[in-house]
Amino acid sequence: MAENGAFEKRREGVPCWVDAQLSDVEAGKRFYGELFGWTFQDAGTEEGTEEEAEEEAAAESVRACLDGEPVAALVRKTDGRMPTVWSVYFHTPDAAALTARIRAGGGQVVTPPHPVGDLGSAALAADPDGAVFGLWQPGRRTGFGRRGEPGAFAWAELYTRDTEAANAFFGPDASPEFGRARVSDVFPAEMPPHFLVHFLVEDVTAGLATVARLGGRVRVPPFGTSYGRVAVVSDGQGASFALLQR
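What counts, and at which threshold
- Residues numbered from 1 in each chain as written.
- Predicted model: local features only at pLDDT ≥ 70, side-chain atom pairs only at ≥ 80, totals over all residues.
- Heavy atoms only, no water.
- Helix = DSSP H or I, 4+ residues; strand = E, 2+ residues; numbered from the N terminus.
- Buried < 20%, exposed > 50% of the residue type's maximum accessible area, 1.4 Å probe, protein only.
- Contact = heavy atoms within 4.5 Å.
- Areas by Shrake-Rupley, 256 points an atom, 1.4 Å probe, with all protein chains shown as cover.
- Pairing = 2+ DSSP bridges.
- Axes fitted to C-alpha atoms, helices over the stretch in contact; angles between N-to-C directions.
- Phe/Tyr/Trp six-rings, centres within 6.5 Å; stacked < 30°, edge-to-face > 60°.
- Lys NZ or Arg CZ within 6 Å of the ring centre and 35° of its normal.
- Core = buried A, V, L, I, M, F, W, Y, C linked by side-chain atoms within 4.5 Å.
- Parallel < 35°, antiparallel > 145°, perpendicular 65-115°, else oblique.
- Left-handed = near helix turned anticlockwise from the far one by under 90°.
- Nonpolar A, V, L, I, M, F, W, Y, C, P; charged D, E, K, R; others polar.

Undergrad: Can you walk me through the overall build of the chain in this structure?
TA: Along its length, the chain carries 5 helices and 14 strands. Counting every position in the chain, which comprises 246 residues, the buried fraction comes to 48%. At a minimum sequence separation of 6, the contacts of the chain that also span at least 24 residues come to 62%. Summed over all atoms, the accessible surface of the chain reaches about 11,200 Å², with 49% contributed by carbon and sulfur.

This is the structure we're talking about:
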């Protein structure tokens, strides 16, 4: 996946979007709305094309917004066998070319690039260790409207069995907003490799209290990292994510 290509609005490989696959989107709106102060736009309720509204309605998704700007999406799972997870999407100007490089680098293409109306093209892939991530080639929608502030995306950490192999696949630069660590640094060694989405909060301790009050769980108590103080939590449906205080 590593690439020294040109920049468009943002460099290829930079996190540009996150979404959560949930069984109950309404419950997710209540949880994240109170935790992060998000508001939500259902399909077709904001200005956009009829095609955009149809695409979002088909996915039964809602956009989460912070001060009116998009920060994430909550998507209803269409198959109960699908995992309840937060996923991170990386920017690319050419999803087809990037998926070819992913295959050549030993990764897998889970879902080939496909258009999402005129919003852009999406794909799902996995690195050689099996960690799943998304790709987004922007059309009318570029990605985050806000990032790096309380209530918004701030960091994606890849927990992997082999950080050297991950660096060879993704590229050695762990910034901006994308780092790598060994699974066993934080989780039990048997935990599968995965990406962990981090949202910025002003106070991790206060955030944990809110998570517990809303029916979520603390998976890993606060610990220090090079990029801030982190706690791993899950919502009431089991989707794990991290709170990050800087």
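There is more to say, and it comes next.
Undergrad: Just checking my understanding: could you explain the environment of Gly-207 for this structure?
TA: Summarising the element assignment, Gly-207 is placed in helix H5 (residues 204–213). Sequence separation of Gly-207 and Ala-231 is 24 residues, and the distance between their C-alpha atoms is 9.3 Å. With residues up to four places along the chain from it excluded, the contact list for Gly-207 reads Leu-35 and Leu-243.

Undergrad: Explanation requested: the sheet that holds strand S4 (residues 69–76) in the structure shown.
TA: Within a sheet, each strand pairs with its neighbour through backbone hydrogen bonds, oriented either parallel or antiparallel. An order of S2-S3-S4-S1-S5-S8-S7-S6 is seen for the 8 strands of this open sheet, with the pairing classed as mixed. For this open sheet the edge positions go to strand S2 (39–42) and strand S6 (108–116), each flanked by a neighbour on one side alone. With strand direction ignored, the average angle separating the axes of adjacent strands in the sheet is 25°. Pairing of S2 with strand S3 (residues 61–66), which is carried by 4 bridges, proceeds in the antiparallel orientation. In the sheet register, Gln-41 faces S3, and the bridge partner there is Arg-63. Relative to the sheet, helix H1 (residues 25–36) contacts strand S1 (15–22), S2, S3, S4 and strand S5 (86–91), its axis offset from that of S4 by approximately 150°.

Undergrad: Explanation requested: the packing of aromatic side chains in the structure shown.
TA: Ring pairs (aromatic) are described by centroid distance and by the angle formed between their planes. Counted under the stated rule, the structure contains 27 aromatic pairs. With a centroid separation of 6.2 Å and an interplanar angle of 20°, the aromatic rings of Tyr-32 and Phe-36 are classed as stacked. One end of the pair is Tyr-32 and the other is Phe-36, both in helix H1 and 4 residues apart, which spans about a single turn. Residue classification places Tyr-32 among the buried positions, given a relative accessible area of 0%. Taken together, the ring pairs connect Phe-31, Tyr-32, Phe-36, Trp-38, Phe-40, Trp-86, Phe-199 and Phe-241 into an aromatic cluster. When the ring centre of Phe-178 is taken as origin, the NZ or CZ atom of Arg-180, which lies over that ring, is 4.1 Å away.

Undergrad: Explain the nonpolar core to me, please; I cannot follow it from the model alone.
TA: Nonpolar side chains tend toward joint burial in soluble globular proteins. Ranked by internal contacts, the top residues of the largest apolar core, which has 55 residues, are Trp-38, Trp-86 and Phe-241. Grouped together as the second largest cluster of nonpolar side chains are 14 residues, Ala-154, Val-220, Tyr-227 and Leu-244 included.

Undergrad: Please explain the packing of H1 against H5 as it appears in this structure.
TA: Helix-helix packing is described using two parameters, namely the angle between the two axes and the distance between the axes. Running from N to C, H1 and H5 cross one another at 155°; their axes reach a closest spacing of 10 Å. Accordingly, the angle class assigned to the pair H1 and H5 is roughly antiparallel. In terms of crossing hand, the pair formed by H1 and H5 is right-handed. Along its contact with H1, which presents Phe-31, Glu-34 and Leu-35, the element H5 presents Gly-207, Thr-210, Val-211 and Arg-213. Among the residues forming the contact of H1 with H5, the class breakdown is 3 nonpolar, 2 polar and 2 charged.

Undergrad: Quick question: what am I supposed to make of the pairing of strand S7 (residues 120–126) here?
TA: Counting buried positions along S7 gives 6 out of 7 residues, so the element sits mostly inside the fold. Direction of pairing for S6 relative to S7: antiparallel, over a ladder of 6 bridges. Each bridged residue has a counterpart across the sheet, and for Val-116 the counterpart in S7 is Gly-120. In sequence, S6 turns back onto S7 through a hairpin of 3 residues, with Gly-117 there showing a positive phi of about 55°. In this structure, S7 lies alongside strand S8 (residues 132–138), joined through 7 bridges in antiparallel fashion. Counterpart to Ala-123 in the pairing with S8 is Leu-135. Where S7 folds back onto S8 in an antiparallel hairpin, the turn is made up of 5 residues, including Gly-130, whose phi is positive at roughly 100°.

Treat this as a map of the structure, not an account of what it does.
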